[in-house]
Amino acid sequence: MSTLLQEAMAQNRTVTGRVTDASSNEGLPGVTVLVQGTQVGTATDATGSYSINVPEGGTTLIFSFIGYTTTERAIGNATTINIGLATDAKQLGEVVVTALGREEEKKTLGYATQEIRSEVLTQGRERSVLNSLQGKVAGVNIQSQSGAPGSSSRVVIRGNKSFTGNNQALFVVDGIPIDNGSLGANGATGTADNLNNGVDVGNRANDINPDDIESVNILKGPAAAALYGARAANGAIMITTKSGRNVNKKAEITLVSSYLVEDVLRYPTFQNSYGQGFFGAADLRENTSWGAKFDGVVRPWGQIVNNQQRIKPYAALPDNIKEFFNYGSNFTNSLSLSGGSDKGTYYTSYSNTRQNGITPGTEYNRNTLTFKGSTKLANNFSSTASLSYIKSGGDFALTGQGNSVFNQLIQTPRDIPVRELEDLSNPFNNEAGFYSPYTINPYWAIQNQTYTNNVDRLFGNVTLGYKFNDNLNLTYRIGTDFYTDRRQQFFAIRNVEGQNAAANDNGMYSETQIYNREINSDIMLSYIRNLTTDLTLDVLVGSNVRQVSNERLFAQADALANNQFKNLSNIVGTPLAYSYRDMIRLIGAYGTAKLGFRDFIWLEFTGRNDWASTLPIEDNSFFYPAVSLAFDAASAFDLSASTPINVAKLRANFASVGNGGELAYQTRSVFVTGNITDGFQGTDLNFPFNGMPGFEVSNVVGNSQLRPERTTSYEIGADLRFFDERFTIDASYYDQRSKDLIVSVPVAYSTGYGSSVLNAGDMTNKGVELVVGGTPVKTTTGFSWDISVNFTKNKNLVTRTYQHSPISLGGVSSAGLYIVEGQPYGVFQADDIMRDPQGRIVVTAVDGIPRVASEQSFIPSITPNWQGGLVNTVAYKGARLSVVVDTRRGGKIYSRTRATQRFAGTAPETLTNDRQPYIIPNSVVQVGNTDEYVENTTPLTNDNLYDYWGNLPESTNIIDASFTKLREVSLSYKLPSAITQKTFFGNIEIGVSGRNLFLWTPDENTYIDPETNNFGNGNVQGFDYSGSPSTRSWGGNIRLTF
Amino acid sequence: MKIKNNYILAAVFATMLGTTSCENFLDINNDPNNPSSSTPTLTLPAGFGELAYVLGNQFQFLGNFYAQHWTQSGGANQYCDLEQYQMTSSTYDTRVWAEFYAGALNDFKYVADQGNALNNPNYAAIGEIMQVYTVQVVTDAWGDVPYTTALQSLENLSPEYQSQEEIYTGLITQLDAAIEKIGTGAGIAGQDDLVFGGDMDLWRKFANTLKLKIYLRQAYVRPQVAEAGIKAMYAAGAEFLGMDETADIEFFNQTQNRNPFFQTQVTFRGGVDVVASNTSLEFLQTTNDARLDNFYAPAEEGTNAGKFIGVNQGVECTPTRLGLLATNYSKPGPAVASPTTAIPLISAAESYFLQAEAVARGWVSGSTAASLYEQGIRASFDYVGESDATATALLQQPGVAYAGGTVEEQVEQIITQKWLSFNGTQGFEAWTEYRRTGYPSFIEPSAASNLGGSLLPKRIIYPNSEATRNENYPGLQEVSVPVWWDVKD
């Protein structure tokens, strides 16, 4: 026996076999096959087949491949070993995409990143990539601005770092930054007139088709993003799109279809006791519910038209507002074709998303066409090209205080049947016959005040690589992103006689053409080498050239000849025209070197120097360094052998990144065309004045000494994994100080100017991010339960403003948003109730109504205290259930819905004392102009309750913005291959999903989803300003591969 | 395609060569959208526009409400703050105070500075005269304000608040220097002078009338200074604006070129707010004044359709309001609320009334106070387009015919008619002269007043922007605190 055995062992022998994907049974090329305990190894070929010479003493084969569980097989006497590898979700995360599109092992990184795979990203079938990340990542605040089709989202990582500049993360697709612009609806200036005439036209990062995405990796800190230079301070969202897979040279076709139904997530709570009227009595023309108590008696309502009048019971219609909204829908179809060989891969896809809004007539369409291909050429060249064409656009509803549909709707008295107003051919519903002179028919507003846009966008890049040898690679990449956005706004003429004449309007038509282009060109030389058996070196040097240009053309006819056609020739008078263009350029040179020692400690240095066109030409250069350290104690001390600790990685980094300003033309003073306004819409005096040009000295003083902004950041963190990685903790603490912020500093107007561009602000962000993950249950039968909790606390503090002066961010004059020294970013400054020195409410003697304090109050702030998310995933065989809950605590929002409901007498609080006379508790009257205050004896009565509620100072309309949302629930089932094998489908997966299904808010918020913001996705957040409500959605989806 | 290739080539080139071509490649930061320089010709109209806009809009509302030509209708409550005499530090800030200092004053200063630098004294004179005019409006509104240390850009970020007394003294000096420059150099282009089309003789008259106005404002607080100054003017043969010489800025019925009150109230608000105050309307009716249908329009609907009917001041902002739509009352009429209504800086009528007061006070002689008063009324009729015959008819009316009497009785009659002539177009001056003189004596506080007693607003609250940005901000002054020259009960 023993002799025989010896002989057998001494013999080399050949084992062959095929490695496949366990779920698809498709061959896996490139799998490493290693004989355990030896240096003998090979890789599978394009079909997944291999052949290996097993040396004497070899007993076990190890099969390993990125993304799959490493599997061992005893050889025994076998000559053929076929094996199916199972995917390993955790393993997949180990190589991540970092700045400039580099692929690096996660364990070697000294900074925090968090990766979201396509499966988790698309499980909710959300249109927006950004919204799809909500609740799933720590340190990132993602705010969807409304439920209107195509509406924008705002993404801020680790807090705002700039006062008035861009605070949103940089978006990078396959290594090339793309534009994430969001120009306001008012094309003349690009700054929206959100007060009167707001439209959320979306933001450009939402153009991306989520189904094209392989993974999203979030580089949270400046150290991580430092190679991106100026824009690194805000962190980066690295999107990697799908590539063709090298699968048997056979094309893989994937079809994904989903259909979601949408409805309003939060309706305001209404009172249902009092109806249309004023002073406690009926008034058939009122837009308010200050009338008599409901009695159910059938009475006429609305105007008398042709000697006729409609009748209805005088009773509350609890759902009259609700009935206005439709069920919206979101129908998405995405088809992709991919394939490859060992010499090249390709991926191409087409997708269509059609969203019909909850507001009748609103819609958004997006078509995307993507191609990505790569080749490896014989003479050491490689190339990749990707190109995406996106056509998107929509039909949007106006928001704001003017004639917006939402402003009309919310004022509707409690007994007016909104749905009966829909037929505009009905003489009771048209412009003249509509019941109220104070509002207009919301259905008329939708049909006759339109805003549409059309975006054509192309972005892509070409990458060429040359491999000098195994250590040295040269890469050149050029990418561009450009789009045109053509917008048309139309307001019909209203010209009627009678009670509704006050809303007569000359009509308006405008066209805006926006053109934007960004070009990035990078050349990079990388050198990777094992210096000794213990020491590895990874060096990269490169240069970047970036150019961003914008153009806008705007023309408006502000009085129309008729309502028949939408063209600038439809005009009475002269058109207003406006053009604008700007361009910035930046040149950067960068380098990074990472030293690794024994696969457990890595030290990386990064440096970049930028030359920016936005800075004074003689002083436009700035340098910034970063250093990071990663140390895995588990590997260093081999803890995994003796303890349940698998990974005990500690991270530390420092970075100091500069920002030369994204804004052109700040270094010189100019003259500007005279324009004077009182803040209302269309009431400006605009030069030329009767043909006479007028150029005024600009109110902004240019600054020829402008310096770059600088953010200095320290970060420490830990990545701890226990029990075969079934329990993981990833924690970070960071301390970021942004200094010399470039800000248009307000100066006293008595200087002759309003602001000067200065380096004049400091702000800090300190925060903690925590992601705790676990797999409490995992059975051999395939059942697993994964849970992941993320927690984010970012403490933002404005530490310096110029001369301690508040800086206005925007908002309304009676409730503006400011940057205030010693406060977090975004403090409301609002009219407030006048109080005596004891804090009692000072009222007017004659009517008992609170007086308004002469000076406004500061109310901090829009910044939340903390936020968190919980992701639960249960999987069993082909079934997978995922539930995402997220919460945001603290922060304030101004609610115009509250203000309007108070004014219109529809808020439940207006029922105080059943609208019988009452004296405001703890109120006093000022004696003359003295410091003496006496008790108030004047009650509020039905004659002025409307005045009291309607004119409460705006500070009382600023409410707690905390919320908790059941963000996402998805259930999917992949049919077993036993079934699919009998079909021509590779995979069949069906699912149901829902988003934003439930919303919990503090008691004082009975009005809105506090995540809403109607002032666009810029820095002015926290304004509910009569916009589209947010939505919840649910539906089904199917994914087929062929 | 050619251009695109060039760009890509440039980008590649720059990448390859690194920073050698940096300088030119990055030297692109010149704003292509706005000029980096201007001329007096291009900037003077902007200054006029800014001044006229505020006088014709925010100050038109403020002045005509406080002087009780207009009041809030019950159909809305947009301007109840004005009726309640309620004002905050944000009310007249970034669109009013800012438009005066960073708009009109800074642009007039540019015109004056450039006029001096380019050796064109006429431009310098116009720029300086208009600065004086504007500063007087500002100090009359807010009291102590930045003056000599204002408008210095980053050189002085906290301009000092000077006493109104000091400012009034300074204005005379500044005005005298400006008058000296008139006509001493080459003529100026006409079209950019939106007031007089380049007629420097009229500018001299305007400056004299302005000087008279500045002196008379001090008639109660510094009578000796006023008297001496006015006497000196007459001794030097000063000429004033006469019939048909109203200094005003015209508006045009074109997009965003229309009268700002028309644009804001009639167009944007749909005319739902402003209606006639009975204080003014009933006085016109009592005296059978033919200007009634120029200043006001008849009610469009309701029981008084076709008639002239007003609302008692402020009552529609009180619990006893009726709540009727503005269309049930007289709204501002064709002479004050049309797209092309001009905004007078100093009207011919005002010039005569100023002269009449100077004579009535016995400080100067020449024409009688009575004849100057009559000419003031005739100039007002002329300006709104009423015939001289109707003016003659009015002058027969009891209470209108010049009655003489004590100085104070004469001043009351002059100011009361001056107040009427300001209806709808010079609201701010109407309120300001009411504050100075207490006339018309029949003005009672708004029914909605928050001030209590017989108090009326005496000033505008300092803007928030000054409170937060100017280290010399003097602190809150309530609306009930009078300005320096406001000493008469």
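Small disclaimer: the values here were computed from a predicted structure and weren't measured. (Residues numbered from 1 in each chain as written. Chains lettered and ligands numbered in written order. Predicted model: local features only at pLDDT ≥ 70, side-chain atom pairs only at ≥ 80, totals over all residues.)

## Here's the deal with the overall build of chain A
Rules: Under the scheme used here, helices are H or I runs from DSSP no shorter than 4 residues and strands are E runs no shorter than 2 residues, and both carry numbers assigned from the N terminus. Radius of gyration here is computed from C-alpha atoms only, and the compact-globule reference equals 2.2 Å multiplied by the residue count raised to the power 0.38.
Summing up its helical and strand segments, chain A has 13 helices and 57 strands in all. Relative to a compact globule of 1042 residues, whose C-alpha radius of gyration would be 31 Å, chain A shows 32 Å and is just as compact. Judged by the C-alpha coordinates and their principal axes, chain A covers about 115 × 70 × 60 Å.

## Focus on the overall build of chain B
Under the convention used in this document: With C-beta atoms placed from the backbone, a residue counts as buried when 20 or more other C-beta atoms lie within 10 Å of its own, as exposed when 12 or fewer do, and as partly exposed for counts between those limits. This entry defines residue contacts through backbone-placed C-beta atoms, with two residues in contact when those atoms are within 7 Å.
Helix and strand counts for chain B stand at 19 helices and 6 strands. Whereas a compact globule of 489 residues would reach a radius of gyration of roughly 23 Å, chain B reaches 25 Å, a difference of no more than 12%. Referenced to the eigenvectors of the C-alpha coordinate spread, the extents of chain B come out at roughly 90 × 55 × 45 Å. Here chain B holds 489 residues, and the buried ones make up 61% of them. Considering only contacts in chain B between residues 6 or more positions apart, those separated by 24 or more positions represent 74%.

## Focus: the sheet that holds strand β2 (residues 32-35) of chain A
Each strand in a sheet pairs with another by means of backbone hydrogen bonds, the pair being arranged parallel or else antiparallel. Residues and elements named next belong to chain A. As a reminder, the rule being used: For two strands to count as paired, DSSP must find a minimum of two bridges between them. As a rule, the C-alpha atoms of each element are fitted with a line to give its axis, helices using only the stretch in contact, and angles between N-to-C directions run from 0 to 180 degrees.
Strands sit in the order β3-β2-β5-β6 across an open sheet of 4 strands; the sheet is antiparallel. What marks the edges here is a single partner per strand, and that holds for β3 (41-43) and β6 (71-74). Neighbour to neighbour, the strand axes of the sheet diverge by 20° on average, direction disregarded. In the sheet, β2 pairs with β3 via 3 bridges, with the strands oriented antiparallel. Across the sheet, Thr32 pairs through a bridge with Ala43, a residue of β3.

## Concerning the nonpolar core
Condition: In plain words, the nonpolar core is the set of buried Ala, Val, Leu, Ile, Met, Phe, Trp, Tyr and Cys residues that C-beta atoms within 7 Å link up.
B:Ile129, B:Leu210 and B:Ala356 are the most contacted members of the largest nonpolar core, which totals 205 residues. Setting aside its immediate chain neighbours within four residues, B:Leu210 contacts B:Ile129, B:Val132, B:Tyr133, B:Leu175 and B:Ile346. Grouped together as the second largest cluster of nonpolar side chains are 57 residues, A:Val156, A:Ala169, A:Val172 and A:Val173 included.

## Some words on the pairing of strand β12 (residues 153-157) of chain A
For a regular strand, side chains alternate in direction, first toward one face of the sheet and then toward the other. All names here are of chain A. Burial of β12 is extensive: 5 of the 5 residues sit out of reach of the surface. Here β12 shows no split at all, with Ser153, Val155 and Ile157 on one side and Arg154 and Val156 on the other all buried. Bridge count for strand β11 (residues 140-144) against β12 is 5 bridges, and the pairing is antiparallel. In the sheet register, Asn141 faces β12, and the bridge partner there is Val156.

## Description of unusual backbone geometry
All names here are of chain A. In this structure, the amide linkage connecting Pro860 to the following residue, Ser861, adopts the cis form with an omega of -20°. As for its placement among the helices and strands, Ser861 is situated in the loop between β47 (857-860) and β48 (866-876). One non-glycine residue with positive phi stands out, namely Arg158, at about 55°. Tracing the backbone shows Arg158 in the loop between β12 and β13 (170-173). The class for Arg158 is buried, based on 29 C-beta atoms found within 10 Å.

## Some details on the sheet that holds strand β45 (residues 827-830) of chain A
Residues and elements named next belong to chain A. Spatial ordering of the open sheet is given by β43-β44-β45-β47, a layout of 4 strands whose pairing is antiparallel. Two strands in the sheet have a free side with no partner beyond their single neighbour: β43 (807-812) and β47. Ignoring strand direction, the axes of neighbouring strands in this sheet form an average angle of 30°. Judged from the 4 bridges that link them, β45 and β47 form a sheet pairing that is antiparallel.

## Topic: the domain arrangement of chain A
Test applied: An automatic or database domain assignment provides the domain bounds reported here.
Domain boundaries in chain A define domain 1 (2-87) and domain 2 (129-264 + 328-403 + 440-678 + 708-826 + 861-891 + 961-1041). The C-alpha-based centres of domain 1 of chain A and domain 2 of chain A are spaced at 44 Å.

## Some points on the interface of chain A and chain B
As a reminder, the rule being used: Three categories are distinguished: nonpolar for Ala, Val, Leu, Ile, Met, Phe, Trp, Tyr, Cys and Pro, charged for Asp, Glu, Lys and Arg, and polar for the others, with Gly belonging to the last.
The interface is formed by 88 residues belonging to chain A together with 88 residues belonging to chain B. Of the residues forming the side of chain A that touches chain B, the biggest block, 7 residues, is contributed by strand β28 (residues 576-597) of chain A. Partitioning the side of chain A that touches chain B into residue classes produces 40 nonpolar, 36 polar and 12 charged.

## Comments concerning the packing of helix α14 (residues 348-360) of chain B against helix α15 (residues 369-384) of chain B
Residues and elements named next belong to chain B. Our working definition: For this classification, under 35 degrees means roughly parallel, over 145 means roughly antiparallel, 65 to 115 means roughly perpendicular, and everything else is oblique.
Where α14 contacts α15, the axes come no closer than 8 Å and their chain directions differ by 170°. Comparing their axes, α15 and α14 come out roughly antiparallel. Contacts from Ala348, Ala349, Tyr352, Phe353, Gln355, Ala356, Val359 and Ala360 of α14 reach α15 at Ala369, Leu372, Tyr373, Gln375, Gly376, Ala379, Ser380 and Tyr383. Taken together, the residues of the contact of α14 with α15 break down into 12 nonpolar, 4 polar and no charged.

## Some remarks on the confidence of the model for chain B
Residue and element names in this part refer to chain B. Stated precisely, the cut-off is as follows: For every residue, the pLDDT score states the predictor's confidence, bounded by 0 at the bottom and 100 at the top.
For chain B, per-residue confidence averages 92 on the pLDDT scale, and residues scoring 70 or more make up 95% of the total. The low-confidence segment residues 16-20, where pLDDT is below 50, has 4 contacts with residues more than four positions distant or belonging to other chains. Across the interfaces of the predicted complex, the ipTM metric reaches 0.94, alongside a pTM of 0.84.

## Points about the domain arrangement of chain B
Split by domain assignment, chain B resolves into domain 1 (1-28) and domain 2 (43-253 + 340-469). Computed from C-alpha coordinates alone, the two centres of domain 1 of chain B and domain 2 of chain B are separated by 58 Å.

## Thoughts on helix α10 (residues 223-235) of chain B
To keep things clear, this is the line we draw: A helix is expected to reach a length of 1.5 Å times the quantity of its residues less one.
Its 13 residues give α10(B) an end-to-end C-alpha distance of 18 Å, which sits within 8% of 18 Å, the value for a rise of 1.5 Å per residue. At the C-terminal side of α10(B), B:Gly237 shows a positive phi close to 75°.

## A word on helix α11 (residues 896-903) of chain A
Residue and element names in this part refer to chain A. Across the 8 residues of α11, 8 count as buried, placing the element largely inside the fold. Among all positions in α11, only Arg896, Thr897, Arg898, Ala899, Thr900, Gln901, Arg902 and Phe903 are buried. Looking at the buried residues of α11, the elements they touch are α7 (405-410), β50 (892-895), α12 (945-950), β53 (958-960) and β56 (1023-1024). The positive-phi residue at the C-terminal boundary of α11 is Gly905, with phi of around 70°.

## A few points about the environment of B:Gly183
Assignment of secondary structure puts B:Gly183 in the loop between α8 (164-181) and α9 (200-217). For B:Gly183, the residues in contact, after removing those within four places along its chain, are B:Asn122 and B:Met200.

## A few points about the packing of helix α17 (residues 407-421) of chain B against helix α18 (residues 427-437) of chain B
Residues and elements named next belong to chain B. This is how it is decided: When the near helix sits turned anticlockwise from the far one by under a right angle, the crossing is termed left-handed; a clockwise turn instead gives a right-handed crossing.
At a minimum axis separation of 10 Å, α17 and α18 run at an interaxial angle of 165°. In terms of axis orientation, α17 runs roughly antiparallel to α18. With respect to the hand of their crossing, α17 and α18 are arranged in left-handed fashion. Of the residues in α18, those touching α17 at Val411, Ile415, Lys418 and Trp419 are Ala430, Glu433, Tyr434 and Thr437. Residue classes in the contact of α17 with α18 are distributed as 5 nonpolar, 1 polar and 2 charged.

## Observations regarding the pairing of strand β49 (residues 879-889) of chain A
Residues and elements named next belong to chain A. Sheet analysis places β48 next to β49, joined by 11 bridges and oriented antiparallel. Its bridge partner lying in β49, Gly869 is registered against Asp886. Connecting β48 to the next strand, β49, in antiparallel fashion are 2 residues, including Lys877 with a positive phi near 50°.

## Some words on the environment of B:Gly405
When you line up the elements, B:Gly405 lands in the loop between α16 (388-396) and α17. Separated by 101 residues in sequence, B:Gly405 and B:Asn304 have C-alpha atoms that sit 40 Å apart.

## What about the environment of B:Phe251?
All names here are of chain B. With respect to the element layout, Phe251 can be found in the loop between β4 (247-249) and α11 (260-268). Accessibility expressed as a C-beta count within 10 Å gives 26 for Phe251, which makes it buried. Along the chain, Phe251 and Phe240 lie 11 residues apart, while their C-alpha atoms are 25 Å from each other. Each residue touching Phe251, except ones within four places of it in the same chain, is listed here: Asn257, Arg258, Asn259, Pro339, Thr340, Thr341 and Ala342.

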